[in-house]
Amino acid sequence: PRPAARGRPRHHLHTFTTAGPCPPPPAAPSQCHLALASPALEGQGEAPGGGRMLLLPFPLMALSSVFFLFGNKVKVQAFSSVSRGARMTALVSVDEAIEAQKSGRGRFIDGSWFMPVGDNPRNGREEFAEGPRIRDACFLDIDDIGACGEDNPKSLPHMKPTPKQFAITMDRMKISPEDTIYVYATSKGCGFYHRAYWTLSSCGFHDPARVKLMQGCLDEFRDRGGEVEGGKLVDGDDHRLFRLSEMDWRNMTPKYKCWGEERRRSVVDINDVLEVVESKQADTVIVDARSSGRFVGTAPEPRPGLRGGHMPGALNVPFTDILDPMDMTRFKPLSEVKKIFESAGMKAEPSRTIVTCGSGVTAAALAVGLEECGLRNREDILIYDGSWIEWGGDESVPIVKDS
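These lines cover the structure that appears in this document, whether it is placed above or below. (Residues numbered from 1 in each chain as written. Predicted model: local features only at pLDDT ≥ 70, side-chain atom pairs only at ≥ 80, totals over all residues. Heavy atoms only, no water.)

## Points about unusual backbone geometry
Alright, step 1. Residue Pro-132 is bonded to the preceding Gly-131 through a cis peptide linkage, with omega at 0 degrees.
Alright, step 2. Within the secondary structure, Pro-132 sits in the loop between α2 (124–130) and β8 (133–134).
Alright, step 3. Here the phi dihedral of Ser-155 falls at roughly 55 degrees; this positive angle occurs in a residue that is not glycine.
Alright, step 4. Topologically, Ser-155 is positioned in the loop between β9 (138–139) and α3 (163–173).
Alright, step 5. Residue Ser-155 is classed as exposed on the basis of its relative accessible area, which comes to 62%. (Helix = DSSP H or I, 4+ residues; strand = E, 2+ residues; numbered from the N terminus. Buried < 20%, exposed > 50% of the residue type's maximum accessible area, 1.4 Å probe, protein only.)

## Thoughts on helix α8 (residues 334–343)
A turn of α-helix holds 3.6 residues, and therefore any two residues three or four places apart point the same way.
Alright, step 1. Burial in α8 covers these residues: Val-337, Ile-340 and Phe-341. Relative to the axis of α8, the buried residues are bounded by an arc of 95 degrees and lie together on one face. More than 90 degrees from the buried face of α8, the exposed residues found are Ser-335, Lys-339 and Ser-343.
Alright, step 2. Looking at the buried side of α8, the elements it contacts are α9 (363–372). (Arc of directions from axis to C-beta. Contact = heavy atoms within 4.5 Å.)

## A word on the state of the cysteines
Alright, step 1. Enumeration over the complete set of coordinates arrives at zero disulfides.
Alright, step 2. In this structure Cys-203 is a free cysteine whose sulfur lies 10.0 Å from that of Cys-258, the closest cysteine sulfur available.
Alright, step 3. Using a relative accessible area of 0% as the deciding quantity, one classes Cys-203 as buried. (Disulfide = S-S within 2.5 Å.)

## A closer look at the packing of aromatic side chains
Alright, step 1. Per the counting criterion, the structure on display carries eight aromatic pairs.
Alright, step 2. Here Tyr-384 and Trp-391 contribute two aromatic rings whose centre-to-centre distance is 6.4 Å and whose plane-to-plane angle is 85 degrees, an arrangement assigned as edge-to-face.
Alright, step 3. According to the relative accessible area criterion, Tyr-384 is buried, its value standing at 0%.
Alright, step 4. Judged by relative accessible area, which is 0%, Trp-391 ranks as buried. (Phe/Tyr/Trp six-rings, centres within 6.5 Å; stacked < 30°, edge-to-face > 60°.)

## Examining the sheet that holds strand β13 (residues 267–268)
Adjacent strands of a sheet pair through backbone hydrogen bonds, lying either parallel or antiparallel.
Alright, step 1. What the five strands build is an open sheet, ordered β13-β19-β18-β14-β15; its pairing is parallel. Two strands in the sheet have a free side with no partner beyond their single neighbour: β13 and β15 (315–316).
Alright, step 2. Bridging between strand β14 (residues 284–288) and β15 involves two bridges; their strand directions are parallel. By the bridge assignment for β15, Asp-288 is matched with Asn-316.
Alright, step 3. Strand contacts of helix α6 (residues 270–279): β13, β14, β18 (352–356) and β19 (381–384), with the helix running at about 115 degrees to β14, the strand carrying the most contacts. (Pairing = 2+ DSSP bridges. Axes fitted to C-alpha atoms, helices over the stretch in contact; angles between N-to-C directions.)

## Section: the nonpolar core
Taken as a class, soluble globular proteins show a tendency for nonpolar side chains to be buried jointly.
Alright, step 1. In this structure, Val-183, Leu-200, Ile-322, Phe-341, Val-355 and Leu-366 are the most contacted members of the largest nonpolar core, which totals 62 residues.
Alright, step 2. Top contributing element to this core by residue count: α9, with seven residues.
Alright, step 3. Discounting chain neighbours no more than four positions away, the residues touching Phe-341 are Val-317, Ile-322, Met-346, Leu-366, Gly-369, Leu-370, Cys-373 and Leu-375. (Core = buried A, V, L, I, M, F, W, Y, C linked by side-chain atoms within 4.5 Å.)

## Some details on the environment of Gly-124
Alright, step 1. Examined against the element boundaries, Gly-124 turns out to sit in helix α2.
Alright, step 2. Sequence spacing of Gly-124 and Tyr-193 is 69 residues, and the spatial spacing of their C-alpha atoms is 9.7 Å.
Alright, step 3. Look past the residues within four positions of Gly-124 in its chain and what remains in contact with it is Ser-112, Phe-114 and Phe-139.

## Looking at the packing of α8 against α9
Alright, step 1. Direction vectors running N to C along α8 and α9 enclose 110 degrees, while the axes themselves pass 9 Å from each other. Between α8 and α9, the crossing angle belongs to the class labelled roughly perpendicular. As for the relative orientation of α8 and α9, their crossing is left-handed in sense. Side by side, α8 and α9 meet where Leu-334, Val-337 and Phe-341 of the first sit next to Leu-366, Gly-369, Leu-370 and Glu-372 of the second.
Alright, step 2. Here the contact of α8 with α9 is composed, by residue class, of five nonpolar, one polar and one charged. (Parallel < 35°, antiparallel > 145°, perpendicular 65-115°, else oblique. Left-handed = near helix turned anticlockwise from the far one by under 90°. Nonpolar A, V, L, I, M, F, W, Y, C, P; charged D, E, K, R; others polar.)

## Topic: the sheet that holds β9
Alright, step 1. What the five strands build is an open sheet, ordered β6-β11-β10-β7-β9; its pairing is parallel. Two strands bound the open sheet, and with one partner strand each, they are β6 (91–93) and β9.
Alright, step 2. The sheet contact formed by strand β7 (residues 106–110) and strand β10 (residues 180–184) spans five bridges and is parallel. In the sheet register, Phe-108 faces β10, and the bridge partner there is Tyr-182.
Alright, step 3. Docked against the sheet, helix α4 (residues 194–201) engages β7, β10 and β11 (211–215), running at close to 165 degrees with respect to β11.

Following this line, the structure appears as structure tokens:
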């Protein structure tokens, strides 16, 4: 510390070296910053101990630096924006999404999906076509782009797409790997759009640092000044709404380059889950997003022919428990989300977590919630893509109905 001169703020000088290179994070490319903190700086955000903070990009390497600004010594801090210990939230407010739209920094994707049950189920694709929708937004149909044919021999719904399916879809939407994508839902009742976000952010196809999940729906976006458009879209007329299944995509050569699917594994299959169940692997926990009634087998499955109950050893966290009941396009406060997981029996260890649900859609809400609340790292979360539609329909695998 240096005594403050008359009329001048007191500054502190910190020098440092890194102990070694930061481990390469699986979620996004490494990026380091320098934070110059000084009451004399007009920068971004509050600096520790008061004053303003200016963030400057800096290469990820061993550092040992002293900075002077107009004769004043300033505080130097270094940190990695993405590492196993430091998290970058993917959740953005409606206002942040509107700002991205105004600045031209974001591409918007409607990820709305609804359970196809009941006499008159809602249809996200049809609602997008009818409008309103965010101006220039595209629609990601998780059913249409799901793995099919030889890549999905059981014809299970909305499975993780192949890299080629994803790349052709991005080409059709005119989205490049450098684009930042904002995923949104049409209405407060759409608690299923997390699967579209997960497909974009967690499968190794698009840089996850460039995929955001808007907290709040289309109505709020419009009410707060975001630009929307009306008018009916005709399927296949332009890049905003189309069916990959009607394209000869297998014979196409995509221009879009996937971010790197080999960087992480994002899904497991029935054999992987069966191995965990039968061997009672202590390093893995299974978490089921279905309702408690379906979990214990007292409530019927919405899809006919499926047994009730759950996988032996699984925990139950209904996905609706972690979402705002007044607006399912929002998570509850993340501190509360973490407590909900913990009260269901989840602990810091084991870290490897398999999330499952009815067909792989609402499991994505748990996957996002686990990461955002800080209980798990993205690389530790896997979705059982076949979920209960596969497990509950296979008489050869075990189920239990205890609570």
